[in-house]
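Here is how the chains run, residue by residue.
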Number of protein chains: 2
Amino acid sequence: MTVMDKIYLAGPDVFLPDAIAIGRRKKELCAAYGFEGLFPFDNEIDPKASAEPADRLIFRANESMIRSADIGIFNLTPFRGPSADAGTVFELGMMVGLGKRVFGYSNVAEDFLERSKQSVGVSFDAATNSWRDANRMAIENFGNADNLMIDNALFDHGGHAMVRHAATPQNRFSDLTGFEMCLRLAAAAVSKSA
Amino acid sequence: MTVMDKIYLAGPDVFLPDAIAIGRRKKELCAAYGFEGLFPFDNEIDPKASAEPADRLIFRANESMIRSADIGIFNLTPFRGPSADAGTVFELGMMVGLGKRVFGYSNVAEDFLERSKQSVGVSFDAATNSWRDANRMAIENFGNADNLMIDNALFDHGGHAMVRHAATPQNRFSDLTGFEMCLRLAAAAVSKSA
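Our subject in this report is the structure included herewith. (Residues numbered from 1 in each chain as written. Chains lettered and ligands numbered in written order. Predicted model: local features only at pLDDT ≥ 70, side-chain atom pairs only at ≥ 80, totals over all residues. Heavy atoms only, no water.)

It is worth spelling out the environment of L154(A) at this point. All names here are of chain A. Its place among the elements puts L154 in helix α5 (residues 148-158). In this structure L154 comes out as buried when scored by relative accessible area, which is 1%. Through-space distance from the C-alpha of L154 to that of N171 is 24 Å; in sequence the pair is 17 residues apart. Residues in contact with L154, not counting those within four places in the same chain, are L76, L92, V102, F103, G104, G159, H160 and M162. (Helix = DSSP H or I, 4+ residues; strand = E, 2+ residues; numbered from the N terminus. Buried < 20%, exposed > 50% of the residue type's maximum accessible area, 1.4 Å probe, protein only. Contact = heavy atoms within 4.5 Å.)

Below you can see the structure in the form of structure tokens.
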């Protein structure tokens, strides 16, 4: 009997109206590539069974699931601004700190600077030779998909750049093309190290 | 001779035009509370000395600094949207994964839901009994300052809720009131465990 590697399925997918269905689909895809998928909604939370607030119970269940996983695949599609969902980014950092292998995808293909130009007021500041927002805060211009900590974490702790796939706007958070590409990268990495 | 605990100073402060000055001020405050402050700009990066891209060198220098720190203090002020800066949130996750003590502050006092109402289109969805954005994605309503992973990470891995201080808009990213409150919490935590 082979023990399957467990993949934590991180992303703002949990906020979708059909979160349970998309979690199920991601887990089916994991199984097709020889992995066990762990989706946050699999955690059973019973707020009535504890004096702790519900959000703390959800946090602890997610943390425990992350610790039990071998690999993480992160949906880093820009979320309510030029960067990825904050909860997902926190979990990416946590898995890197725990020394796990991480892969990520975005369903928007443009660079961070291009997307910042579209979503926040941006101007070029000749004095500092940099792009800055309305608060005069610098905007990174390294050709990355997001903040340099995110893109380089994927490269150094998973071996690959962020997978970028231009999904249609209506499928921005549900398109699984980039997710499946990450699964292929994960399968190749695991077979290489076996 | 006492060895001082090292505090990693995380935040979008690095994007300010006067980033070096604010880093210096934060390090002075650390020293006043008996800590050594580590600011990302202290890392000397020489892109000419390496074939690697500059952003990767910055990532690795920050990662190494984070690993060498005992404690993290995070500026989690909302940044270009309803959530904190993505790089800062990544680093918070990393320090939690590494088992370090974390404290955080925001220079905006309102709850996450209130701020989301101000910055993204939000409406109440009776069918799911939840607030949702224009993409029909749910907005957390737990009374937190940000995504539940962030607020609860601070509580479980530092012992305190996020420090919230209503700074004036022009001092949103430079006000250090909340930062100094975090320093006091860190000093109390260290003296308690000594």
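All right, on to the sheet that holds strand β7 (residues 163-164) of chain B then. All names here are of chain B. The sheet built from five strands is open, its strands ordered β2-β1-β3-β4-β7 with parallel pairing. Only two strands of the sheet have a single neighbouring strand rather than two, namely β2 (36-38) and β7. Where strand β1 (residues 6-10) and strand β3 (residues 71-75) come together, four bridges link them in parallel fashion. Bridged to Y8 within β3 is G72. Strand contacts of helix α3 (residues 86-97): β1, β3 and β4 (101-106), with the helix running at about 160° to β3, the strand carrying the most contacts. (Pairing = 2+ DSSP bridges. Axes fitted to C-alpha atoms, helices over the stretch in contact; angles between N-to-C directions.)

Turning our eyes to something else, we now look at the packing of aromatic side chains. Scanning the model with the defined rule gives 12 aromatic pairs over all chains in all. Ring geometry for F79(B) and F173(B): centres 5.8 Å apart, planes at 90°, overall edge-to-face. Taken together, the positions of F79(B) in the loop between β3 and α3 and F173(B) in the loop between β7 and α6 (177-193) put the pair 94 residues apart, joining distant regions of the chain. For the residue pair F79(B) and F173(B), the accessibility class agrees, reading buried in each case. With 5.3 Å between their ring centres and 75° between their planes, F124(B) and W131(B) make a pair best called edge-to-face. Here F124(B) falls in the partly exposed class, since its relative accessible area comes to 42%. A relative accessible area of 23% means that W131(B) is categorised as partly exposed. One aromatic cluster in this structure is built from F15(A), F79(A) and F173(A). The ring of F155(B) carries the charged tip of R56(A) above its face, separated from the ring centre by 3.5 Å. Positioned above the aromatic ring of W131(A), the side-chain terminus of K117(A) is 4.0 Å from the ring centre. (Phe/Tyr/Trp six-rings, centres within 6.5 Å; stacked < 30°, edge-to-face > 60°. Lys NZ or Arg CZ within 6 Å of the ring centre and 35° of its normal.)

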